[in-house]
Amino acid sequence: MTDRVVVAGALYDRGRLLAARRSAPEELAGRWELPGGKLEPGERPEDALVRELREELGVEAEPLARIPGEWPLKPGYVLQVWTARLVAGEPQPLEDHDALRWLTPDETDTVDWLDQDRPAVAEAARLLRGA
Ligand code: CDP
């Protein structure tokens, strides 16, 4: 059986990366993540990312490139991460989150990321520095 994919976005705007603080479930609340969610059956990861960022943050985003790698979540799920560009809107914590922060590459270590997000955050910050 293939794992179900959770896609998350390293969302960029004006040289900064968006971090989102989870409000649920209890064991993840207070930790920071790259916003995203599960792919629907038959959905392309890029489309799922655009949909999730619209639902959770109320923004329009353009996926840019997949960050190489895949990170295990709970059994049966894996995390994939794409960089994305903010196209329209100002992110609001509409669903799943209770705080948002825009971080410069040098600030990415200042929030308590979910463990599984850390490698992708490090790579996203590296790419942002070089941008
Ligand atoms: O909104 P949806 O139910 O599609 O997905 P979610 O609850 O936001 O995420 C599904 C699972 O992926 C949760 O268990 C999250 O902990 C995990 N996840 C993660 O580890 N890192 C992310 N950047 C996004 C989600």
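Residues numbered from 1 in each chain as written. Predicted model: local features only at pLDDT ≥ 70, side-chain atom pairs only at ≥ 80, totals over all residues. Heavy atoms only, no water.

Colleague: So what exactly am I meant to see when it comes to the site of the ligand here?
Modeller: Leu-28, Leu-34, Lys-38, Gln-116 and Asp-117 are the nearest of the 18 residues found near the ligand. Within the side chain of Lys-38, one N or O atom sits 2.7 Å away from an oxygen atom of the ligand. Side-chain polar atom of Asp-117 to a nitrogen atom of the ligand: 2.6 Å apart, as the coordinates give it. Protein chains bury 84% of the 530 Å² of accessible surface belonging to the ligand in isolation. Judged by the fraction of its atoms near the pocket grid, the ligand is located in the largest pocket. Put simply, the parts of the chain that give the shell around the ligand at least two residues each are β1 (4–13), β4 (36–38) and α1 (45–57). Along the lines of polarity and charge, the residues of the shell around the ligand split into 7 nonpolar, 3 polar and 8 charged. (Near = heavy atom within 4 Å. Polar contact = N/O pair within 3.5 Å; in protein donor to acceptor, adjacent residues only side chain to side chain. Areas by Shrake-Rupley, 256 points an atom, 1.4 Å probe, with all protein chains shown as cover. 1 Å grid on protein atoms, 1.4 Å probe; cavity = no way out; pocket = protein on both sides within 12 Å on 5 of 7 lines; lining within 4 Å. Sits in = over half its atoms within 2 Å of the grid points. Helix = DSSP H or I, 4+ residues; strand = E, 2+ residues; numbered from the N terminus. Nonpolar A, V, L, I, M, F, W, Y, C, P; charged D, E, K, R; others polar.)

Colleague: Teacher, can you tell me more about the side chain of Gln-80 here?
Modeller: Mapped onto the secondary structure, Gln-80 falls in strand β6 (residues 77–88). In this structure Gln-80 touches Val-5, Val-6, Val-7, Ala-8, Pro-45, Arg-66 and Glu-70, once residues within four positions along its chain are discounted. (Contact = heavy atoms within 4.5 Å.)

Colleague: What's the story with the environment of Ala-125 in this structure? I'm lost.
Modeller: As for its position among the elements, Ala-125 is in helix α2 (residues 118–130). Classification of Ala-125 as buried rests on a relative accessible area of 3%. (Buried < 20%, exposed > 50% of the residue type's maximum accessible area, 1.4 Å probe, protein only.)

Colleague: Quick question: what am I supposed to make of the nonpolar core here?
Modeller: Note that soluble globular proteins tend to have their nonpolar side chains buried in a common cluster. With 21 residues, the main nonpolar core has Ala-10, Leu-17, Leu-34, Val-81 and Trp-113 as its most contacted residues. Residue assignment for this core shows that the elements contributing at least two residues are β1, β2 (16–22), β5 (60–72), β6, β7 (97–103) and α2. The contacts of Leu-17, once residues within four sequence positions are left out, are Ala-10, Leu-11, Tyr-12, Leu-34, Arg-101, Trp-102, Leu-103, Thr-108, Val-121, Ala-124 and Leu-128. Judged by nonpolar contacts, the second largest core, of 16 residues, contains Leu-11, Leu-57, Val-59 and Leu-86. (Core = buried A, V, L, I, M, F, W, Y, C linked by side-chain atoms within 4.5 Å.)

Colleague: What exactly am I supposed to notice about unusual backbone geometry here?
Modeller: Note: most peptide bonds trans; most residues except glycine with negative phi. With omega at -15 degrees, the peptide bond leading from Ala-24 into Pro-25 counts as cis. Tracing the backbone shows Pro-25 in the loop between β2 and β3 (32–33). Backbone geometry places Asp-96, a non-glycine residue, at a positive phi of 75 degrees. Of note, Asp-96 is situated in the loop between β6 and β7. Judged by its relative accessible area of 32%, Asp-96 is partly exposed.

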